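Survey of secondary and tertiary structure
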Amino acid sequence: MNDWSRIAPQLAEATGDTLYMVGVSTVLTVLIGVPLGVLLTITAPGALSPRPLLHRVLGLVVNLGRSLPFIILLVLVAPVTRGIVGTTIGSTATIVPLTIGAVPFLARLVETSLREVNPGKVEATLSMGARRRDVVRTVLLPEALPSLVAGVTVTVVALISYSAMAGAIGGGGLGDFAIRYGYQQFRTDITVITVVLLLVVVQLLQWAGDRWARRLAHV
Amino acid sequence: MIELTDVRKVFPARRGATEVTAVDGVTLSVADGEFAGVVGPSGSGKSTLARMVNLLERPTSGRVVVDGRVLTDLDDDGVRQARRTVGMVFQHFNLLDSRTAAGNVEHPLELAGVGRAERRARVADLLDLVGLGDRHASRPAQLSGGQKQRVAIARALAARPKVLLCDEATSALDPASTAGVLDLLRQVRAELGLTVLLITHEMAVVRAVCDSAVLLDHGRVVDGGPLAEVLTRPDSALAAQLLPAPAVAGATGDLVRVTVTGSAPEGVVLRTLAGELGLDVEIVGGSVETVAGRRFGRLLLSVTGDDGRLDPALQRLRDGGSLVERALPGDEPVPVDLAEPEPAPGADGDEPAFARLLDSPDVQR
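Just so you know, these numbers come straight off a predicted model, no measurement behind them.

Let us look at the overall build of chain A. Secondary structure summary: chain A contains 9 helices and 0 strands in total. Listed N to C, the secondary structure of chain A is α-α-α-α-α-α-α-α-α in terms of helices and strands. Principal-axis analysis of the C-alpha atoms gives chain A an extent of 70 × 40 × 25 Å. Relative to its 219 residues, chain A shows a buried fraction of 45%.

The structure is reproduced here in structure tokens:
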């Protein structure tokens, strides 16, 4: 049991891997998911820029991505991952399936947030002679910001749990660590430590996200 | 300044709803600097009509001309430019919660590409104008309903419009705030030489501020004109709304309606009927109000003891310039004031009507 001096650095490294995977995929997910959510919202019938066909196609793609179990998605997108990263193993390779898995999730959350913006505000802005992109930029996104921050927080937490799963197929990180040391070597203490670490990370993120969202809300 | 010619708006049939003709061939003209009202019961199409003036709702047919520009002939870009000459104020304010009062007023200036320094100066002037010079940093949530509407008016005036559209602008306010906002509207109209088109279901608002008004029902104009003229017409449906004179319970005898104006006061009528003819005359309904600085009224008299002299007496009074006529019990229309303000019109606008599918009631906070 006094092998902690050997395990601790590895645990720290695994934690770093998890934060790296989740961090980069969060940035990518926001960069892709928010515009996708905006597009889903404004192309809806009766919305700012109705494009019924595009709306239906986007909705279908997003639903497909959301209905696929993440572990299946991991395997399915392996060729894509190899194409982009060059390998399917390691933390960097895991970022591809993580992002692909989280984008539809965030896009739906963004859509829900934006739809809650009072249409009267959009109308008032249009009456000022605003272009549609002005409405998105100056009304929809700023007015929905607290709700968007909450949505991103939920997505980050989901990404942490996805990243643990990605560890199982060689992604590295805390999930991988827990399986290799805790499960396969029957070290329940290591499993518990990993779970506690994950719990702390999730709690911290949720707390920070909630705080930020509350600060932004001026209602 | 505003010319609507045979404007129609038909909302196509949707699942569970048949086709709705919200506005059915309205022709309306508002002169430069005029304060015009559009009144009507709930569902009469008055909000849709207002929204067609700046093409938030594109008319199904007809012509909309504002400040000499034929809006219905413009493309989307042209419409956007033209909208800057028309400020709009809404029932539920529609301020952005993410911005301060100053930020909300600044919004249209940003959209118009006005430089920062000029924006700041203009925002300060506008907030001073509406009496909120000390509330620059306040969020909408920290303002009362009346203050929110003042910010909304400042915002509507920011781009120096020539026309101000007020869609039920006072309907969500308490009486004191309503009076304050109406005073402000009168003041800015006078100071800035604006043309104002005010949509309301509150007759008191029309009496307080309008020079002219039209009465809308089922999407059609049923009556209208300068108030000073409308109120001298005994058969005017709009006058009956502005000065309702429903009979109180227990009115018996012959009913006589008297239209009171400066040149046709009621004294001579009462003197003739009660004094000369010696009939029993009771006032069983009526309103007398100051409109456009003059006294106008409609009275319903109950006359008992008529022995055949009433009709000749009324004829004599009419010949003498009095506005009197026989009335029937129950022929006085129900005042539309009592109706609720109409809900937001149906979706399916050609352009905006953003996500109207989601009915988000915007309660006053």
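This part covers the overall build of chain B. Across its full length, chain B carries 11 helices and 14 strands. The principal-axis extent of the C-alpha atoms belonging to chain B is close to 80 × 50 × 35 Å. Counting the 365 residues in chain B, one finds 47% classified as buried. Long-range contacts, defined here as pairs at least 24 residues apart, represent 71% of the contacts in chain B between residues at least 6 apart.

Turning to the sheet that holds strand β12 (residues 280-291) of chain B, a few remarks are in order. Residues and elements named next belong to chain B. As summarised here, the arrangement of the 4 strands in space is β12-β13-β11-β14, forming an open sheet in which the pairing is antiparallel. Either end of the sheet is taken by a strand with one partner, and the two such strands are β12 and β14 (323-327). Each adjacent strand pair in this sheet contributes to an overall mean axis angle of 20°, direction not counted. One ladder, built from 7 bridges, connects strand β11 (residues 254-260) with strand β13 (residues 294-304); its direction is antiparallel. Directly across from Thr 259, in β13, lies its bridge partner Arg 298. Sheet strands touched by helix α10 (residues 267-276): β11, β12, β13 and β14. Its angle to β12, the strand with the most contacts, is close to 180°.

With that out of the way, let us pick up the packing of helix α5 (residues 145-157) of chain B against helix α6 (residues 175-192) of chain B. Residue and element names in this part refer to chain B. Closest axis-to-axis distance for the α5/α6 pair is 9 Å, and the angle between their directions is 20°. Between α5 and α6, the angle falls in the class roughly parallel. Regarding α5 and α6, the two cross each other, and that crossing is right-handed. Of the residues in α6, those in contact with Gly 145, Gly 146, Gln 149, Arg 150, Ile 153 and Leu 157 of α5 are Ser 177, Gly 180, Val 181, Leu 184 and Val 188. A per-class count over the contact of α5 with α6 returns 5 nonpolar, 5 polar and 1 charged.

Residue and element names in this part refer to chain A. Two elements in contact, helix α1 (residues 4-42) and helix α5 (residues 91-115), have axes whose closest approach is 6 Å; the angle formed by their N-to-C orientations is 40°. In terms of their interaxial angle, α1 and α5 are classed as oblique. In terms of crossing hand, the pair formed by α1 and α5 is right-handed.

Attention now goes to the confidence of the model for chain A. Here chain A averages 89 in pLDDT, and 98% of its residues register 70 or above. Predicted confidence in chain A is weakest over helix α8 (residues 174-183) of chain A, with a mean pLDDT of 82, and strongest over helix α6 (residues 119-127) of chain A, with 94.

Residues and elements named next belong to chain B. Its domain assignment divides chain B into domain 1 (2-230) and domain 2 (245-332). If you average the C-alpha positions of domain 1 and of domain 2, the two centres end up 39 Å apart. On the side of domain 2, 4 residues touch domain 1, which itself brings 4 residues to the contact. In terms of residue class, the side of domain 1 that touches domain 2 is built from 2 nonpolar, no polar and 2 charged.

Now for the sheet that holds strand β4 (residues 61-66) of chain B. Residues and elements named next belong to chain B. The sheet built from 4 strands is open, its strands ordered β2-β1-β4-β5 with antiparallel pairing. Edge strands, defined here as strands with exactly one partner in the open sheet, are β2 (20-30) and β5 (69-70). By the bridge criterion, 5 bridges tie strand β1 (residues 2-11) to β4 in an arrangement that is antiparallel. Bridged to Glu 3 within β4 is Val 65.

Quick notes on the rules
Residues numbered from 1 in each chain as written. Chains lettered and ligands numbered in written order. Predicted model: local features only at pLDDT ≥ 70, side-chain atom pairs only at ≥ 80, totals over all residues. Helix = DSSP H or I, 4+ residues; strand = E, 2+ residues; numbered from the N terminus. Buried ≥ 20, exposed ≤ 12 C-beta atoms within 10 Å, placed from the backbone. Contact = placed C-beta atoms within 7 Å. Pairing = 2+ DSSP bridges. Axes fitted to C-alpha atoms, helices over the stretch in contact; angles between N-to-C directions. Parallel < 35°, antiparallel > 145°, perpendicular 65-115°, else oblique. Left-handed = near helix turned anticlockwise from the far one by under 90°. Nonpolar A, V, L, I, M, F, W, Y, C, P; charged D, E, K, R; others polar. pLDDT = per-residue confidence, 0-100. Domains from an automatic or database assignment.

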